Amino acid sequence: MKKPLVILIGALTLGAALPALAGPDFQVIEQGRKAAQVAAAERRADTLAGKGSPNCPPPPLVLPLDHGPRALTTPGENRQRRARYEAQLRACKNVSS
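The rules we used
Residues numbered from 1 in each chain as written. Predicted model: local features only at pLDDT ≥ 70, side-chain atom pairs only at ≥ 80, totals over all residues. Heavy atoms only, no water. Helix = DSSP H or I, 4+ residues; strand = E, 2+ residues; numbered from the N terminus. Buried < 20%, exposed > 50% of the residue type's maximum accessible area, 1.4 Å probe, protein only. Contact = heavy atoms within 4.5 Å. Salt bridge = Lys/Arg side-chain N within 4 Å of Asp/Glu carboxyl O. Patch = residues over 30% accessible without salt bridge, like charges linked within 9 Å, V, L, I, M, F, W, Y side chains within 5 Å. Areas by Shrake-Rupley, 256 points an atom, 1.4 Å probe, with all protein chains shown as cover. pLDDT = per-residue confidence, 0-100. Polar contact = N/O pair within 3.5 Å; in protein donor to acceptor, adjacent residues only side chain to side chain. Expected span 1.5 Å × (residues − 1).

S.K.: I'm lost on the overall build of the protein in this one. Help?
M.R.: A tally of helices and strands in the protein yields 3 helices and 0 strands. In the protein, the order of α-helices and β-strands from amino to carboxyl end is α-α-α. For the protein, with 97 residues in total, the buried portion stands at 6%. Nonlocal contacts in the protein, meaning residues at least 24 apart in sequence, comprise 38% of its contacts between residues at least 6 apart.

S.K.: Quick question: what am I supposed to make of the side chain of asparagine 78 here?
M.R.: Note on placement: asparagine 78 falls in helix H3 (residues 75-96). Setting aside residues up to four positions removed in sequence, asparagine 78 forms contacts with Leu63, Pro64, Asp66 and Thr73.

S.K.: Hey, could you run me through the pattern of salt bridges in this one?
M.R.: Side chains that differ in sign of charge can pair as their charged atoms come close. Per the counting criterion, the structure on display carries 1 salt bridge. Note that glutamate 30 and arginine 33 form a salt bridge whose closest N and O atoms lie 3.0 Å from each other. Here arginine 33 and glutamate 30 lie together in helix H2 (residues 26-48), a separation of 3 residues that amounts to about one turn. Accessibility expressed as a relative area gives 37% for glutamate 30, which makes it partly exposed.

S.K.: Whenever I open this one, a nonpolar patch on the surface confuses me. Can you help?
M.R.: A contiguous nonpolar surface patch, about 400 Å² in accessible area, is contributed by Leu5, Leu8, Ile9 and Leu12. Tracing the chain through its elements places leucine 12 in helix H1 (residues 2-21). According to the relative accessible area criterion, leucine 12 is exposed, its value standing at 57%.

S.K.: Explain the confidence of the model for the protein here, please?
M.R.: Close inspection of predicted coordinates is inappropriate for parts of the model with low pLDDT. In the predicted model, the protein carries a mean pLDDT of 85, and the fraction of residues at 70 or more is 88%. When mean pLDDT is compared element by element in the protein, H1 scores highest at 89, while H2 scores lowest at 86.

S.K.: Quick question: what am I supposed to make of the side chain of threonine 73 here?
M.R.: Relative to the helices and strands, threonine 73 resides in the loop between H2 and H3. We classify threonine 73 as buried; its relative accessible area is 8%. A polar atom in the side chain of threonine 73 sits 2.3 Å from the side chain of glutamate 77. For threonine 73, the residues in contact, after removing those within four places along its chain, are Pro64, Leu65, Asp66, Asn78 and Arg81.

S.K.: Just checking my understanding: could you explain H1 for this structure?
M.R.: Every α-helical turn comprises 3.6 residues, leaving residues that sit three or four positions apart pointing alike. Over its 20 residues, H1 runs 28 Å from end to end, which matches the ideal 28 Å to within 8%, given 1.5 Å per residue. Little of H1 is tucked away: 0 of the 20 residues are buried.

Have a look at this one:
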């Protein structure tokens, strides 16, 4: 009774471990690389054709805390960040117009 149970548990363990021992699927890896190259070429073509950059519009502005005992930045730095963000927005509007 004990021997068949040990054989069954060993076979189940081996069956579960076999996929972990398999090597990488090179065909899927190559397909992913080709897809990434095509996407990068399309982005470059769009940028060169003047359809805007991939950073337009920029991500939303998030300013770090600039007051209190645990301030992460100063109000002056936040003003610079806000001005830079507004300049990026204006540049995106100028490109799209």
